[in-house]
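Coordinates in review
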Amino acid sequence: MNKTIEIKGVMIGEGAPKICVSMIGRTLQELRDEATELQNLDVDIVEWRVDFFANVENLDCVNEALQEIRKILHNKPLVFTFRSAKEGGEKEVSSAFYFELKKMVAESGLVDLIDVELFNEEQEIREIIELAQEKKMYVILSNHDFEKTPAKEEIVSRLKRAQKLGADIPKIAVMPQTTSDVLTLLDATLTMSEQFADRPIITMSMAGKGVISRLAGEVFGSSVTFGAVKKASAPGQVEIAKLRQTLTLLNQSL
């Protein structure tokens, strides 16, 4: 059985996939409102997609917003994510600023998990992982392909590379062009989970064709799924009440 991770009473890697919802507010007030709503909803994990934040390039503003979010979401696992434009995010910044931002957040101690993109300089990745782990945080090492679904072997290879680099949770999201692409992602997830993973992994096939991958993680080996409250942060996200109902049904059937 894969190693599990427990954060604020949420067990990642055991039972039904945990539901994560992303905050995408552009202003501090929008983020306060989102956080307040999410605090009272049936979600397991909250992700702050800081690339949506208008003042993301001001570290003081990011820190201030993070403190406000943490006060409201005091008892929910919080993921900090800057998704670069090349991986489907809202903004592109320099590599230097990307890692300066991640290091600031790691040093703040205000989050539980930090998302770092796999296709960056290996030394920079290792430094963030080391710093985060010193601060008792976890690192999600992620890769997003919004154009296609790579071959099964390539998907498994990327997840294995993330694990080898020291990620606490390797993650990959891919875009299906055909139904067979969804099967490729699910097959790769199962192979990684059963043969190579010694920690939780997160995988998903995006858009409408890939919705089944967001629902069937417990069967194939993905430990977290992303849902939506109002506006989805990625194509194919399911509304959280429907998502919980389906995850529970599948869990009870296994």
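Just so you know, these numbers come straight off a predicted model, no measurement behind them.

Scoring rules and cut-offs
- Residues numbered from 1 in each chain as written.
- Predicted model: local features only at pLDDT ≥ 70, side-chain atom pairs only at ≥ 80, totals over all residues.
- Heavy atoms only, no water.
- Helix = DSSP H or I, 4+ residues; strand = E, 2+ residues; numbered from the N terminus.
- Buried < 20%, exposed > 50% of the residue type's maximum accessible area, 1.4 Å probe, protein only.
- Contact = heavy atoms within 4.5 Å.
- Areas by Shrake-Rupley, 256 points an atom, 1.4 Å probe, with all protein chains shown as cover.
- Polar contact = N/O pair within 3.5 Å; in protein donor to acceptor, adjacent residues only side chain to side chain.
- Pairing = 2+ DSSP bridges.
- Right-handed = clockwise from strand over helix to strand, strands pointing away.
- UniProt positions renumbered as here; feature names shortened; annotations may be inferred.
- Salt bridge = Lys/Arg side-chain N within 4 Å of Asp/Glu carboxyl O.
- Core = buried A, V, L, I, M, F, W, Y, C linked by side-chain atoms within 4.5 Å.
- Phe/Tyr/Trp six-rings, centres within 6.5 Å; stacked < 30°, edge-to-face > 60°.
- Lys NZ or Arg CZ within 6 Å of the ring centre and 35° of its normal.

**A look at the overall build of the protein chain**
Helix and strand counts for the protein chain stand at nine helices and 11 strands. With the C-alpha coordinates aligned to their principal axes, the bounding extent of the protein chain is approximately 45 × 40 × 30 Å. Counting only residues that meet the buried cut, the protein chain has 55% of its 254 residues in that class. Contacts in the protein chain between residues far apart in sequence, at least 24 positions, make up 73% of those at least 6 positions apart. Accessible surface, the protein chain: about 10900 Å² in total, of which carbon and sulfur atoms supply 48%.

**As for the environment of Ser 222**
Along the chain, Ser 222 turns up in the loop between α8 (217–220) and β10 (224–228). Taking the relative accessible area as the measure of exposure, Ser 222 reaches 6% and is therefore buried. Those residues in contact with Ser 222 that sit more than four places away from it in its chain are Pro 17, Thr 189, Ile 201, Ile 202, Thr 203 and Gly 217. Within the structure, Ser 222 has its side chain in polar contact with the backbone nitrogen of Thr 203 (distance 3.0 Å).

**Points about the pairing of strand β7 (residues 138–145)**
On a regular strand, one side chain projects to one face of the sheet and the next to the other, so that they alternate. For β7, the tally of buried residues reaches seven of eight residues, placing the bulk of the element in the interior. Examined bridge by bridge, β7 and strand β8 (residues 169–174) share six bridges and lie parallel to one another. Pairing of Ile 140 across the sheet is with Ile 169, part of β8. In this fold, the crossover linking β7 to β8 by way of helix α5 (residues 152–165) has right-handed handedness.

**Comments concerning the UniProt feature "active site" (unreviewed entry) in the protein chain**
UniProt's feature table lists "active site" (unreviewed entry) at His 144 and Lys 171, given in the numbering used throughout. A stretch of 28 residues holds the annotated residues, and the largest C-alpha distance among them is 8.5 Å, short enough that they meet in one place. Inspection of the secondary structure puts His 144 in strand β7. Not counting residues within four places of it along the chain, the set of residues in contact with His 144 comprises Arg 83, Glu 87, Lys 171 and Ala 173. Assessed through its relative accessible area of 6%, Lys 171 is described here as buried. Not counting chain neighbours up to four residues away, the residues in contact with Lys 171 comprise Arg 83, Asp 115, Ile 140, Leu 141, Ser 142, Asn 143, His 144, Leu 159, Ile 202, Met 204 and Phe 226.

**Some words on the side chain of Ser 213**
Examined against the element boundaries, Ser 213 turns out to sit in helix α7 (residues 211–215). Since its relative accessible area comes to 3%, Ser 213 is described here as buried. Reaching out from Ser 213, the side chain makes a polar contact with the backbone nitrogen of Ser 205 at a distance of 2.8 Å. Contact partners of Ser 213, with chain neighbours within four places excluded, come to Leu 185, Leu 186, Thr 203, Met 204 and Ser 205.

**A short note on the pattern of salt bridges**
Summed over all chains, the structure comprises 19 salt bridges. Measuring nitrogen to oxygen at the nearest pair gives 3.2 Å for the salt bridge that ties Glu 117 to Arg 83. Taken together, the residues Glu 117 in strand β6 (residues 113–117) and Arg 83 in the loop between β5 (78–81) and α3 (95–108) connect sequence positions 34 residues apart. As far as burial versus exposure is concerned, Glu 117 and Arg 83 are alike and both buried. Between Lys 86 and Glu 92 there is a salt bridge, with the nearest N and O atoms lying 3.9 Å from each other. The partly exposed category is assigned to Glu 92, whose relative accessible area is 43%. Several salt bridges converge on common partners, so that one network encompasses Arg 83, Lys 86, Glu 92, Asp 115 and Glu 117.

**Quick look at the UniProt feature "binding site: 3-dehydroquinate" (unreviewed entry) in the protein chain**
Per the UniProt record, "binding site: 3-dehydroquinate" (unreviewed entry) is annotated on Ser 22, Glu 47, Trp 48, Arg 49, Arg 83, Arg 214, Ser 233 and Gln 237. Tracing the backbone shows Gln 237 in the loop between β10 and β11 (238–239).

**Quick look at the nonpolar core**
One finds Met 23, Trp 48, Val 50, Phe 80, Leu 101 and Val 116 to be the most contacted residues of the largest nonpolar core, which totals 51 residues. Take this core: its biggest share by element is seven residues, from α3. Not counting chain neighbours up to four residues away, the residues in contact with Trp 48 comprise Met 23, Leu 31, Phe 53, Val 62, Ala 65, Leu 66, Ile 69, Leu 78, Val 79, Phe 80 and Thr 81. Counting residues in each nonpolar core, the second largest holds 17 residues, with Ile 7, Val 79, Met 175 and Met 206 among its members.

**With respect to the packing of aromatic side chains**
This model, assessed by the stated rule, comprises four aromatic pairs. Where Trp 48 meets Phe 53, the ring centres are 5.6 Å apart and the plane angle is 65°; that geometry is what we call edge-to-face. Pair check on accessibility: Trp 48 and Phe 53 agree, each one buried. An aromatic cluster is present here, built from Trp 48, Phe 53 and Phe 80 joined pairwise through their rings. Over the ring of Phe 196 we find Lys 160; its NZ or CZ atom is 4.2 Å from the centre of that ring.

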